[in-house]
Amino acid sequence: MSRSGASPEQRQQASEADATATTFHASEHQHIRYNPLQDEWVLVSAHRMKRPWQGQVEPSLLKTVPRHDPQNPLCPGATRANGEVNPYYDGTFLFDNDFPALQPDAPNPGPSDHPLFQAEAAQGVCKVLCFHPWSDVTLPLMSVSEIRAVIDVWASVIEELGARYPWVQIFENKGAMMGCSNPHPHCQVWASSFLPNIAQREEQSQRAYQSQHGEPLLMEYGRQELLRKERLVLTSEHWLVLVPYWAVWPFQTLLLPRRHVRRLPELTPTERDDLALIMKKLLTKYDNLFETSFPYTMGWHGAPTRSEAGANWDHWQLHAHYYPPLLRSATVRKFMVGYEMLAQAQRDLTPEQMSSSCSGLSRFLFALAIALVSASSSCPQAWGPPGVQYGQPGRSVTLCCPGVTAGAPVSWFRDGETRLLQGPDSGLGHELVLARADNTDEGTYICRTLDGALGGVVNLQLGYPPSRPIVSCQAADYENFSCTWSPSQVSGLPTRYLTSYRKKTVPGADDQRMSPSTGPWPCPQDPPGAARCVVHGAEFWSQYRINVTEVNPLGASTRLLDVSLQSILRPDPPQGLRVESVPGYPRRLRASWMYPASWPRQPHFLLKFRLQYRPVQHPAWSMVEPAGLEEVITDAVAGLPHAVRVSARDFLDAGTWSAWSPEAWGTPSTGSLPKEIPAGGQPHTHLEEELQADSPASPRPSLLPDLQPLVHRDPLEQVAVLASLGIFSFLGLAAGALALGLWLRLRPDGKDRPQKPGFLAPMITVDKLPGAPNL
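Residues numbered from 1 in each chain as written. Predicted model: local features only at pLDDT ≥ 70, side-chain atom pairs only at ≥ 80, totals over all residues. Heavy atoms only, no water.

1. A short note on the packing of aromatic side chains
To be explicit about the condition: In this analysis, rings of Phe, Tyr and Trp, with Trp reduced to its six-membered ring, are considered paired at centre separations within 6.5 Å, and the interplanar angle assigns stacked below 30 degrees, edge-to-face beyond 60, and tilted for intermediate values. Accessible area is worked out with a 1.4 Å probe on protein chains only. A residue is then buried under 20% of its type maximum, exposed over 50%, and partly exposed in between. Sitting over a ring, as applied to charges here, requires NZ of Lys or CZ of Arg to be within 6 Å of the ring centre and within 35 degrees of the ring normal.
Considering all chains together, one arrives at 22 aromatic pairs under this definition. For the ring pair Tyr89 and Phe93, a centre distance of 5.0 Å and an interplane angle of 25 degrees mean the geometry is stacked. Accessibility expressed as a relative area gives 7% for Tyr89, which makes it buried. The buried category is assigned to Phe93, whose relative accessible area is 11%. Here the aromatic residues Phe251, Tyr286, Phe294, Tyr296 and Tyr322 are joined through ring pairs into a cluster of three or more. Positioned over the ring face of Tyr245 is Arg33, at 4.3 Å from the centre of the ring. Across from the ring centre of Tyr585, 4.6 Å away, lies the NZ or CZ of Arg588, which sits over that ring.

Now the structure itself:
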């Protein structure tokens, strides 16, 4: 397809001239790419990612969402705007949209009176599908079986509405950035009596390609991407995820089945299972990309339905589009404005760069999601002692009989009771459902097979899902830092913490964003199992993102914390503080200390110190900032024991002051200055123990807060000094003013009196020189 009015020969000559001048690199030079599925072009300008971002920065996407909000119209048991009350659903929940964009009984506008003013009838149905009863989970946090349940509902609703309408559009808007007004996990289903614009373009493109090449467009495209391996993100036995060659959005992906499938209901059970797993992997990769709940719009496109379903739609291939808006970070998004609204779509990040970022993500967090985040799984495993299963008070709890085949009918009893709780004819197989469990439901349950044999013993323990932990970090030196955490609320269930970190990069450096040098890496817990992890070998001027995830049998909750060493630096307190008297000086004490052992003392990373002291009977501290590792206190109170403490801080004021060192005590000398100097040339000294032998015992260290600095002078003495200074100042000013006035009054007038000879007076004037003319 031509993109200009130039002839093919002219375009070829221009291309050859350009090729001789510069070698083309897709990651460096702008170019346009063709989208054969929607018959349009996109401008790729990869070099623009080097520009600094000065545009809008979105607020943080991390937001605490309550698991159940009675005011949320999508939650179980909540009342919607039309007055209807939601059932207490445990899985998916499908209902008619209370404010539909399409209604089945809209009237026909009638014929148009002018070709420029045309309107046609539009009828339809709009539905809402809730994925999960919890508001604080999303598809990547749901179990594979729960995602499979969503896929089954998608297939059934397409069959139901497709019998009446030619197009059924399933789509999900995730995140406020995509205009989603409710955080509860859900999607929408719009069935219309007409074929929408994009569906029409895809229909025409796929039909034309099939007619020309004899096979479906997307089947051939999928095979080519598997051969080239340039834009693949994920592959499985039945599915593949790739970044389209023509992608418009920064991290856009296309989900394709490997087999020729026209519509979602045609998927086999095995393909649906595999779809649930690959969707979980893809969405987990999205969340891990910027370590946030990744916003996107996604939707399924399949062959048209209703009466058109009987036509030949073999040129159609089922596929799903994912359109995430994020560009450089969790807070910088792409805007489709300006040129893109008025001319054509444009992107900065090449599809090849994006696919390498997604496919190179760490598998560590995905393994966490698969192995540990089994929210509401019917048979949680690997938690606590064998035979213990878990649930939440006020919610339905499903217990499974561990010793029988899945689906086998069993009978359930409470331990020690003969009353049958649930018989084998319940239709629930090996499972027992307890509606709205409470504390009385905790305990031991027994399941028996049809022949009365013991199938298993289950102990039910109730508790609450995890909440975001409280995390704080501190660096005791400029090379290592540690983070500690605590739960924000007690869950009552066995809990694990998974910790990792990565180095943050400058926005726009997409070639480094996911490089191995930036992580993520595990943050080892020291000691294992402690609520503390340590990062060794950190860079002082870099920023790091800490990920602490609290996990228990009911789910997971993550806290992300951005830190830099220069802001969290807090040295350990100085060590070896000693306080000694100065013999012969009853108001002096000498304090000395050492650097903390954890601080690697280097010439370019020194510490500064502050020292506080007070008589032990006085509540307030005096403070000085020493220049080195010792200080002489010159205003101590003679004969009284003093408490001294010291703290440290980076000499460039990075971070904060350390905690105070343990207090040390000393008492000033009570003797007079020795007048004789022995033969050795040194004055006599008294040991601190001798000076303190007759002094009262030093009390325990005071924990009183700092009040006011200690002032050792008598208040009357201070008033007398200030008064004396004021009087002398006044007398001095008065004397100066009097002298100035007398001088001005007695000064002679300079006009009438003769001039005094100056330092040039001895010189002979010019008019007295011999032969000098009269001027």
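Text resumes after the structure shown.
2. Examining the nonpolar core
Worth spelling out the cut-off: Note on terminology: a nonpolar core comprises buried Ala, Val, Leu, Ile, Met, Phe, Trp, Tyr and Cys residues joined through side-chain atoms within 4.5 Å.
Ranked by size, the top nonpolar core spans 54 residues in total, and within it Trp154, Leu255, Leu275, Met279, Trp300 and Tyr322 carry the most contacts. Grouped together as the second largest cluster of nonpolar side chains are 40 residues, Cys473, Cys483, Trp485 and Val579 included.

3. A closer look at the sheet that holds strand β22 (residues 470-474)
What counts is decided by this rule: Note on pairing: DSSP must find at least two bridges between two strands before they are called paired. Starting at the N terminus, helices and strands are each numbered in turn, a helix being any DSSP run of H or I of at least four residues and a strand any DSSP run of E of at least two. In this analysis, axes come from line fits to C-alpha atoms, helices being fitted only over the stretch in contact, and the angle between any two N-to-C directions falls in the range 0 to 180 degrees.
Taken in spatial order, the 3 strands line up as β22-β23-β26 in an open sheet, and their pairing is antiparallel. Because the sheet does not close on itself, it has two edges, and the strands there are β22 and β26 (532-535). Neighbour-to-neighbour, the strand axes of the sheet open up by a mean angle of 20 degrees, direction not taken into account. The pairing of β22 with strand β23 (residues 481-486) spans 5 bridges and is antiparallel. The residue bridging Val471 from the neighbouring strand is Trp485, located in β23.

4. Examining the pairing of strand β2 (residues 40-44)
In terms of burial, β2 is largely enclosed, as 4 of its 5 residues are buried. By the bridge criterion, 5 bridges tie strand β1 (residues 31-35) to β2 in an arrangement that is antiparallel. By the bridge assignment, Asn35 is partnered in β2 with Glu40. Here β1 folds back onto β2 in antiparallel fashion, the turn holding 4 residues, of which Asp39 has a positive phi close to 55 degrees. Where β2 and strand β14 (residues 345-347) come together, 3 bridges link them in parallel fashion.

5. Let's talk about the pattern of salt bridges
Operational definition: The term salt bridge refers to a pairing of a side-chain nitrogen on Lys or Arg with a carboxyl oxygen on Asp or Glu at a separation within 4 Å.
On inspection of all chains with the given rule, the structure shows 20 salt bridges. In this structure, Glu225 engages Arg231 in a salt bridge whose closest nitrogen and oxygen atoms are separated by 2.9 Å. Both residues of the pair, Glu225 and Arg231, belong to the buried class. Connected through shared salt-bridge partners, Arg148, Asp152, Arg272 and Asp273 make up one network.

6. So, the sheet that holds strand β20 (residues 443-448)
Sheet strands associate in pairs through backbone hydrogen bonding, adopting either a parallel or an antiparallel arrangement. Here we have 5 strands laid out as an open sheet, ordered β15-β21-β20-β17-β18, and mixed in their pairing. Strands with a single pairing partner mark the edges of an open sheet, and in this sheet they are β15 (388-391) and β18 (420-422). Strand-to-strand twist across the sheet, computed as the mean angle between neighbouring axes with direction ignored, equals 35 degrees. Here 4 bridges tie strand β17 (residues 411-414) to β20, and the two strands are oriented antiparallel to one another. Of the residues in β20, the one forming a bridge with Ser411 is Arg448.

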